[in-house]
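# Coordinate analysis (summary)
Listed here are the chains, written in short residue letters.
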Amino acid sequence: MKILVTGASGRLAKYVVRELGDDHELVLFSRTAPPDELAHLPWIQGDLNSFEDCQRAVAGCQVIQHLGAVPEPVDHPAIRQQRAAAGVPMPPFDMTMRTNIMGTYYLMQAAVQADVETVVMAGSQCAMGHGYRISDRPFPFQYLPLDEEHPKDVEDSYSLSKLVGIELLASFARAYGIRTYTTMPAGICPPERRQAMAANVQPVTAWSEWLWTWVASEDVAWAHRELMEQAANLPPTDAYLIIGGDNAVLEESRDLVERFRPDLLPHCALQGHDSFVSSAKAARAFGYRARYTWREYL
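Figured I'd write up the structure that's included with this text. Each chain carries its own residue numbering, running from 1 in the direction its sequence is written. Thresholds applied to this predicted model are a pLDDT of at least 70 for local features of residues and 80 or more for the giving and counting of side-chain atom pairs; totals over whole chains, interfaces and linings are not thresholded and use all residues. With hydrogens and water excluded, all non-hydrogen atoms of the structure serve as input to the side-chain values.

Below, the discussion takes up the overall build of the protein chain. Looking only at helices and strands, the protein chain features nine helices and nine strands. Relative to the globule expectation of 19 Å for 298 residues, the C-alpha radius of gyration of the protein chain, 19 Å, shows essentially globular dimensions. Taken along its principal axes, the extent of the C-alpha atoms in the protein chain is 55 × 45 × 40 Å. Only protein chains enter the accessibility calculation, which uses a 1.4 Å probe; a residue is then buried when its area is under 20% of its type maximum, exposed when over 50%, and partly exposed in between. For the protein chain, with 298 residues in total, the buried portion stands at 52%. Per-residue accessibility takes into account occlusion by the displayed protein chains alone, with areas from the Shrake-Rupley method and a 1.4 Å probe. Total accessible area on the protein chain is roughly 13,100 Å²; 52% of this is exposed by carbon and sulfur atoms. Residues counted as positive are Lys and Arg, residues counted as negative are Asp and Glu, and His and the chain ends are not counted. The location of each charge is read from NZ of Lys, CZ of Arg, CG of Asp or CD of Glu. Looking at the protein chain, you have 26 positive and 37 negative side-chain charges, and the mean spots of the two groups are 1 Å apart. Every helix listed is a DSSP run of H or I at least four residues long, and every strand listed is a run of E at least two residues long, numbered separately from the N terminus. Within these notes, the globule rule equals 2.2 Å times the number of residues to the 0.38 power, and the radius of gyration is based on C-alpha atoms.

Here is the structure:
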């Protein structure tokens, strides 16, 4: 099977490629060259924002592993202020929306032309809306752990792009019969980042609406492979939170709720170091389980 991997120069791509192994014909697509580890694979240089580039990349492929995206809201006031203070060049304010929404739209239109059968896209837990808050209004948590059914409350362009992306893929599944799946991982952590987490962990002093969530790169890549391989046994389109099995701090999760958000205790089902975000839906659907923990480095 011929598979296109977008975002091939990004941090997740090499893990997805390792998962797919030698069983498929892989084609890489990105603006900049992939890492040396992937240099043996064919690479198409191009931009998701170009429909013609997407057409060239998708031609002849049966599956797309769509990993390409702008990974933050570049128009976020705090991020632009930080860039200005650091003297970092300012990207176009609309880059996140253009790439993550229109780029995905171009890719899906090219997928229709190429008769692609399945698309698995890397989304984000940010689609829930509890990260990258702009206003002073806190995220309206109704229960913990969060799951896919929890009401969304997005404020920023990145979170919005990831939420819209889920429905965008679903619309192509309904209209054209392409099977589409979106993973919604937390902060994706390769081994070296997990080691750094253990080396630098500090006592928690305040509530974080980011919820101390994380997930191993290897687990996200495994989920991407399984969604592709098990597509025939899944709904035609769906989205799944893909999260590590534990929190990213030393304290137990329920203790943090008791200390900082006691109002949520009646709606809290957390025990031990449980993650504040649940992957139970993915476990039921295709057998996902978190296989790694940063605590092995403590």
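Moving on, we come to the side chain of histidine 24. Relative to the assigned elements, histidine 24 resides in the loop between helix H1 (13-20) and strand S2 (25-30). Judged by its relative accessible area of 19%, histidine 24 is buried. Residue contacts are defined here by distance: any two heavy atoms, one from each residue, within 4.5 Å place the two residues in contact. If sequence neighbours within four positions are ignored, histidine 24 has contacts with Met1, Ile3, Met228 and Glu229.

Burial within strand S5 (residues 118-122) is extensive, with five of its five residues counted as buried. Neither face of S5 is open: one carries Thr118, Val120 and Ala122, the other Val119 and Met121, and all of them are buried. Strand pairing is assigned whenever DSSP identifies at least 2 bridges connecting the two strands. Bridging between strand S4 (residues 63-66) and S5 involves four bridges; their strand directions are parallel. Following the sheet pairing, valine 63 is matched in S5 by threonine 118. For S5 and strand S6 (residues 179-185), the ladder comprises five bridges, and the chain directions are parallel. Paired with alanine 122 across the bridge in S6 is threonine 183. Each parallel crossover has a hand, and for S5 linked through helix H5 (residues 157-176) to S6 it is right-handed. Here is how to tell: hold the view so the strands point away, follow the path from the first strand over the helix to the second, and if it runs clockwise the crossover is right-handed.

Another aspect to go through is the nonpolar core. Nine residue types can take part in a nonpolar core, namely buried Ala, Val, Leu, Ile, Met, Phe, Trp, Tyr and Cys, and a core is a set of them joined through side-chain atoms within 4.5 Å. Counting 32 residues, the largest nonpolar core has Tyr240, Ile242, Phe286 and Tyr288 as the members making the most contacts within it. Going through the elements one at a time, strand S1 (2-6), H1, S2, S5, helix H7 (217-229), strand S9 (237-242) and helix H9 (280-286) are the ones with two or more residues in this core. Per-element accounting of this core gives the leading share, six residues, to H7. Leave out the neighbours within four places in its chain, and phenylalanine 286 touches Trp222, Ala223, Glu226, Leu227, Gln230, Leu234, Tyr240 and Ile242. Within the second largest apolar cluster, 31 residues are counted, among which are Phe141, Ala198, Val249 and Val277.

A few words now on the state of the cysteines. Each disulfide consists of a covalent bond between the sulfur atoms of two cysteine residues. In what follows, a disulfide is any cysteine sulfur pair within 2.5 Å. Applying the stated rule across the entire model yields zero disulfides. As a non-bridged cysteine, cysteine 54 has cysteine 61 as the owner of its nearest cysteine sulfur, 12 Å distant. Not part of a disulfide, cysteine 189 finds its nearest cysteine sulfur in cysteine 126, a span of 13 Å.

Mapping serine 124 onto the fold places it in the loop between S5 and H5. A residue is classified by how much of its surface remains accessible, and serine 124, at 6% relative accessible area, is buried. A polar contact of 2.9 Å, which involves the side chain of serine 124, links it to the backbone nitrogen of cysteine 126. Dropping the residues within four chain positions of it, serine 124 is found in contact with Tyr158, Lys162, Thr183, Met184 and Pro185. Contacts described as polar in this section are N or O atom pairs within 3.5 Å, which, within protein, must combine one atom able to donate a hydrogen with one able to accept it, while residues neighboring in sequence count only if both atoms come from side chains.

Turning our eyes to something else, we now look at helix H2 (residues 51-58). Here H2 has its buried residues at Asp53, Cys54, Ala57 and Val58. Across the axial projection of H2, the buried residues extend over an arc of 125°, all falling on one side. Residue glycine 60 follows H2 closely and has a positive phi angle near 85°. Picture the helix axis, draw a direction to every C-beta atom, and the arc is the one those directions span.

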